[in-house]
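An overview of the molecular structure
This is what each chain is made of:
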Amino acid sequence: MNLTLFLLALFDGIAYAALVFIVAVGLTLIFGVMRILNVAHGSLYAMGAYLTASLTTFIISAGLPPIFAFPTMLVSAVLIGALLGGPLEWLLLRRIYHKPEVLQLLVTFAIFMILEDVQRLIWGTQPIFQSAALQLMGTVRVFSVNYTVYQLILLPIVAVALLVGLRYFLRRTVAGKLILATTEDREAAQAIGIDADKVFLLTFIVGAGLAGLGGALASPTTSILPGIGADMIVLSFAVVATAGLGQIEGAALTALLIGLGRSFAVYVWPETQVLVPYVIMVAVLLVRPEGLFGSPSARKI
Amino acid sequence: MKKLLMATAACVAMPLAAFAQDKPDALKVGVTAFLTGPASVFGVPAKDAAEIMVEDINANGGIQGVPVELTFIDEGAGTETLTTEYRRLVENGADAMLASISSGNCKTIAPLAEDLQVLNIMWDCSTQKIFEEDSYKYVFRSQANATTEMLAAVAYLLKVKPDFKTIAVVNQDYAWGRDSWDIFRTALGALRPDVEVVGEFFPKFGSPDYSTEISRLQALQPDIILSTSWGGDLDTFVQQANQRGLTNVSTFVLPLAESSLERLGSSLPAGHIVGARGDHYWNHPERRDDEDFKAFMAKFEEKTGAKAIYPVFHMSQGLAALQAAYDKAAEAKGGEWPNEDEVIAAFEGLEFQGLGRPVTIREDHQGIEAQMMGTSVQAGDLPFATLENMMIFDGGELTTPVGEESVAWVGTLQPGWADGLTVDSYEN
């Protein structure tokens, strides 16, 4: 592999890792605070993608400027977080926090299945593609290869901004500090007057919104069809488990490892590209069962 | 006295009733298709088509006067559920089954149909191995198989772009993606041994992102990029390739792209090779002016809001095969309702016509179906690519002879083979 191919593989890996991180970070945030492995995260991702594609198509058909495709992504993320995430936590999940983990998995899996059917009812089974946002940004030529500016530049910028923003939110804002305190010790937090129910609700809304944002950002790059949620949830679980459950910085590093591993596999040994994320996960967990950044005793987000 | 008269009438009617039972109230037909999951892009249009077609059959008096009654099973529920439902339907009296879309399911269903002794028409699955590895009494295929489809793509490529030197493949990483490439590559190796395979990519089934493969392909710049992918995978690959200019660098050969043309819109530019898995195209050059063809296309578009794609044609062939077999068997019996063995006997050498050219069933139960290929063009009034430079190949010349194994047979093809094929050409 010469230097040009090495750099091309690097760019491809970073672009892929950015999207994976954006989706996985919501999952790890929810687990870090609420100790729930939310299988429905995949459906929330898919709903974000579908909603963004529909709203963007509406904008285009209404003759509005295509630039509105970008705020549409944020609107979709907020709607998914508030209208789906909020009620799910409030009506369902808070009833099972003290139940066995297997029940939590089953309930979130049931939500996943129901939302998959809801997607089919609303959007049907035919693939949908809406790439106005991506087309608007055009392409850039690097070493005789065309990249979309959207994937090569925008997605990594959003991923880094998200990482920095989440760190700031959790460590510098009151709401974030309340979340951290509740994560460390729920009973002690409640004893000093923190409303843990509200913290959980806020966390789930933010996590669901991040899943929606991941779907929204992925929507211009891919065909949206039944099953995309399942695909992403498997990859997100691999990222979260490898990073250490609840580790945001770990999720960023793991997403980068998986993205680069997959990319270099395509360039060097394409047969292995499907295996790479899981080989990385197994290799890390064999050496560090708690994950790259995880701790066997107390976990922090 | 009244009781005596009624009893006498009943006794007189008994033989008539027994005779009438020979012709059932309904011909119960089970259809398996993906109604959920990624492959529902094929199953749902096929179901819609089957409902329209059976409505028409029944409006015209049914099959030999017997109305057809359809029951659908979702292949998307998984093989275990599929086989359970299949068995239940047969044990509840299904007269015939149309199964299935997935080649994996066909491999499971074929021996099951044999065990249950039920007529099974494989209406859409493509694996060539079914009749090459086993023989069946109750199982027939009303369409071509993967070998016929891949050889049509090879032949068309050699005819319209004979000077290519390099090729790369991007196929889904499962049985179809691997097997179809095996056939294509073996044929190409026999017919054009000078062509170099510069890249083989098998991204996972359902991959949402082909960016890395596209970067690699742009660096390799192959003359030809083959992809036998379908559904959302094919849509994503072509859309992303077009966004990044790869469709301007290489010629794409897409044997299943007829089913994606409408969804791809302007993303499939002119000059790329499109296959139709048979001679299946809503604008079929030989059939588009036929009244029945036009009427069906209008009904289908009205019901679904979309153009008919190849599973619709395959469904038409499955149902046409069933009707033709019953008609042939009844005719041989002087118009009486045939029993199951007589219907099965009628299948050998059976000719029937769905929405495309007539299809025949060979002695090994394999359907011989014409193959259409074309080149994309964005020149019509429609907001998506249509086909030009269409060629319809004779299916018999592209199908592995009875008793031979496909990959071995295509390896024996001689350079110049494509020049000797029977082909009808249409500009648009």
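What counts, and at which threshold
- Residues numbered from 1 in each chain as written.
- Chains lettered and ligands numbered in written order.
- Predicted model: local features only at pLDDT ≥ 70, side-chain atom pairs only at ≥ 80, totals over all residues.
- Heavy atoms only, no water.
- Helix = DSSP H or I, 4+ residues; strand = E, 2+ residues; numbered from the N terminus.
- Rg over C-alpha atoms; globule rule 2.2 N^0.38 Å.
- Buried < 20%, exposed > 50% of the residue type's maximum accessible area, 1.4 Å probe, protein only.
- Contact = heavy atoms within 4.5 Å.
- Areas by Shrake-Rupley, 256 points an atom, 1.4 Å probe, with all protein chains shown as cover.
- Lys, Arg positive; Asp, Glu negative; His and termini not counted.
- Charge placed at Lys NZ, Arg CZ, Asp CG, Glu CD.
- Expected span 1.5 Å × (residues − 1).
- Patch = residues over 30% accessible without salt bridge, like charges linked within 9 Å, V, L, I, M, F, W, Y side chains within 5 Å.
- Salt bridge = Lys/Arg side-chain N within 4 Å of Asp/Glu carboxyl O.
- Buried area = accessible area lost by both parts, 1.4 Å probe.
- Polar contact = N/O pair within 3.5 Å; in protein donor to acceptor, adjacent residues only side chain to side chain.
- Pairing = 2+ DSSP bridges.
- Axes fitted to C-alpha atoms, helices over the stretch in contact; angles between N-to-C directions.

1. A word on the overall build of chain B
From N to C terminus, chain B includes 15 helices and 16 strands. Relative to a compact globule of 428 residues, whose C-alpha radius of gyration would be 22 Å, chain B shows 23 Å and is just as compact. For the C-alpha atoms alone, the extent of chain B along its principal axes is close to 95 × 45 × 40 Å. Looking at chain B residue by residue over its 428 residues, the buried ones come to 58%. Long-range pairs, those at least 24 residues apart, make up 70% of the contacts in chain B with a sequence separation of at least 6. Summed over its atoms, the accessible surface of chain B is roughly 15900 Å², and 50% of this surface lies on carbon and sulfur atoms. Positive and negative side-chain charges in chain B, numbering 32 and 62 respectively, have mean positions lying 3 Å apart.

2. Details of helix H10 (residues 228–243) of chain A
Residues and elements named next belong to chain A. Look at H10: 23 Å from first C-alpha to last across 16 residues, which is about the 22 Å you get at 1.5 Å a residue. With 12 of 16 residues buried, H10 lies mostly within the body of the structure. Taken as a whole, H10 has its buried residues at Ile228, Gly229, Asp231, Met232, Ile233, Leu235, Ser236, Ala238, Val239, Val240, Thr242 and Ala243. Buried-residue contacts for H10 involve helix H1 (3–34), helix H2 (41–61), helix H4 (101–123), helix H11 (248–268) and helix H12 (276–287). In the segment just after H10, Gly244 is the residue with positive phi, at about 110°.

3. Section: a nonpolar patch on the surface
All names here are of chain A. A cluster of nonpolar side chains, contributed by Met1, Leu3, Phe6, Val268 and Trp269, occupies part of the molecular surface with about 590 Å² of accessible area. Positionally, Met1 belongs in the segment before H1. Its relative accessible area of 51% is what places Met1 among the exposed residues.

4. Some thoughts on the interface of chain A and chain B
The interface of chain A with chain B comprises 32 residues on the first partner and 36 residues on the second. For chain A, the biggest contributors to the area lost against chain B are A:Thr125, A:Phe129 and A:Asp231; these three give 15% of the whole. Linking chain A to chain B there are 2 salt bridges. The salt bridge partner of B:Lys204 is A:Asp231, with a shortest N-O separation of 2.6 Å. Our count for the contact surface shared by chain A and chain B stands at 15 residue pairs in polar contact (both at pLDDT 80 or more).

5. Concerning the sheet that holds strand S1 (residues 27–33) of chain B
Residues and elements named next belong to chain B. Taken together, the 5 strands give an open sheet; going across it, the order is S2-S1-S3-S4-S5, and neighbouring strands pair in parallel fashion. The sheet terminates laterally at strand S2 (68–74) and strand S5 (139–141), the two strands that pair on one side only. The sheet shows a mean angle of 20° between the axes of neighbouring strands, direction not considered. Bridge count between strand S3 (residues 96–98) and strand S4 (residues 119–122): 3 bridges; the pairing is parallel.

6. Remarks on the pairing of strand S15 (residues 386–393) of chain B
Within a regular strand, the side chains alternate between the two sheet faces. All names here are of chain B. The buried fraction of S15 amounts to 6 of the 8 residues, a majority that puts the element mostly inside the structure. Here strand S14 (residues 371–377) pairs with S15 via 6 bridges, running antiparallel. Within S15, the position partnered with Met372 by the bridge is Ile392. Pairing geometry for S15 and strand S16 (residues 423–426), over 4 bridges, is antiparallel. The residue of S16 that forms the bridge with Ile392 is Asp424.

7. A closer look at the pattern of salt bridges
Any two side chains of opposite charge can pair, on the condition that their charged atoms come close. All names here are of chain B. This model, assessed by the stated rule, comprises 28 salt bridges over all chains. The salt bridge involving Arg277 is made with Glu149; its shortest N-O contact spans 3.1 Å. With Arg277 in the loop between strand S10 (273–275) and helix H11 (291–304) and Glu149 in helix H6 (residues 146–160), the pair connects residues that are 128 residues apart, well separated along the chain. Its relative accessible area of 6% is what places Arg277 among the buried residues.

8. Focus: the pairing of strand S2 (residues 145–148) of chain A
All names here are of chain A. Across the two faces of S2 the burial is the same, with Val145 and Tyr147 and Asn146 and Thr148 all buried. In terms of strand pairing, strand S1 (residues 139–142) meets S2 through 4 bridges, oriented antiparallel. Across the sheet, residue Arg141 finds its bridge partner in S2, namely Asn146. Joining the antiparallel neighbours S1 and S2 is a turn of 2 residues, in which Phe143 adopts a positive phi near 50°.

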